[in-house]
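Structural overview for review
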Amino acid sequence: MIYTKATAEDIAQLTELRIAYLAEDYSELTEKDLEIIKRDLPDYFIRNLNKNIFGYVARDEREIVACALLLVIEKPMSPAFITGKTGTVLNVYTKSEYRHNGHARKVMNMLMEDVSDMELSVVELKATEDGYQLYRSLGFHDATSKYHQMNWSNGK
């Protein structure tokens, strides 16, 4: 197994893995949503990969079998994120036949090494039950806040 950062050559596979992740996470991915994602996600990766989104992958030969994405955003500084730089971990995914072999841990370790180099103040993620213990072992903790997490969605 080879562990490395994703490159532009990996965009087609990153797109496939993102769709596989979403299909598992959102059990009812509509045909319309799937069509939009397939159409637009490769262009997103072309514009942003290794600029503000970074991919960490495990390869079995040429096939990417596990990945994690790190979205980096720079905000106006505050005591909660003193450098202004924050990260969000997305799409930690391993193909089913490769699960429970430590691949997610290895790509997350690579990601966390870069977090230090990037001087991110905070990194956040939303954990599934399956991933919760992995993230705890990597130093993530349950977030507490005096604020309410809220979302606005266009049409959903």
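This structure is a prediction, so every number in the text was calculated from the model and none was measured. (Residues numbered from 1 in each chain as written. Predicted model: local features only at pLDDT ≥ 70, side-chain atom pairs only at ≥ 80, totals over all residues. Heavy atoms only, no water.)

**Digging into the overall build of the protein**
What the protein contains, in helices and strands, is four helices and five strands. For the protein, the sequential pattern of α-helices and β-strands runs β-α-α-β-β-β-α-β-α. The globule rule puts the C-alpha radius of gyration for 156 residues at 15 Å, and the 16 Å found for the protein is close to it. The principal-axis extent of the C-alpha atoms belonging to the protein is close to 45 × 40 × 30 Å. Contacts in the protein between residues at least 24 apart in sequence constitute 66% of all its contacts with a sequence separation of at least 6. On the protein, roughly 10,600 Å² of surface is accessible, and the fraction owed to carbon and sulfur atoms is 51%. Within the protein, one finds 19 positive and 24 negative side-chain charges whose respective centroids are separated by 4 Å. (Helix = DSSP H or I, 4+ residues; strand = E, 2+ residues; numbered from the N terminus. Rg over C-alpha atoms; globule rule 2.2 N^0.38 Å. Contact = heavy atoms within 4.5 Å. Areas by Shrake-Rupley, 256 points an atom, 1.4 Å probe, with all protein chains shown as cover. Lys, Arg positive; Asp, Glu negative; His and termini not counted. Charge placed at Lys NZ, Arg CZ, Asp CG, Glu CD.)

**Points about the nonpolar core**
In terms of nonpolar packing, the biggest core is built from 24 residues, with Tyr56, Leu70, Val89, Met108 and Leu111 touching the most fellow members. Those elements giving two or more residues to this core turn out to be β2 (53-60), β3 (63-74), β4 (85-94), α3 (103-118) and α4 (129-137). Examining the composition of this core, we find that seven residues originate from one element, α3, more than from any other. Beyond its immediate stretch of four places on either side in the chain, Val89 contacts Leu69, Leu70, Met108, Leu111, Val123, Glu124, Leu125 and Phe140. (Core = buried A, V, L, I, M, F, W, Y, C linked by side-chain atoms within 4.5 Å. Buried < 20%, exposed > 50% of the residue type's maximum accessible area, 1.4 Å probe, protein only.)

**Points about the side chain of Asp10**
Considering the arrangement of structural elements, one finds Asp10 in the loop between β1 (2-5) and α1 (11-25). Not counting residues within four places of it along the chain, the set of residues in contact with Asp10 comprises Lys5, Arg59 and Ile64.

**Re the pattern of salt bridges**
According to the stated counting rule, one finds six salt bridges in the structure shown. When the shortest N-O distance is used, the salt bridge between Asp10 and Arg59 registers 2.7 Å. Placement of the pair is Asp10 in the loop between β1 and α1 and Arg59 in strand β2, with a sequence separation of 49 residues. As a salt-bridge pair, Asp40 and Arg39 come within 2.7 Å of each other at their nearest N and O atoms. The exposure class assigned to Asp40 is partly exposed, which follows from its relative accessible area of 33%. (Salt bridge = Lys/Arg side-chain N within 4 Å of Asp/Glu carboxyl O.)

Bear in mind that shape data such as this cannot, by itself, settle questions of function.
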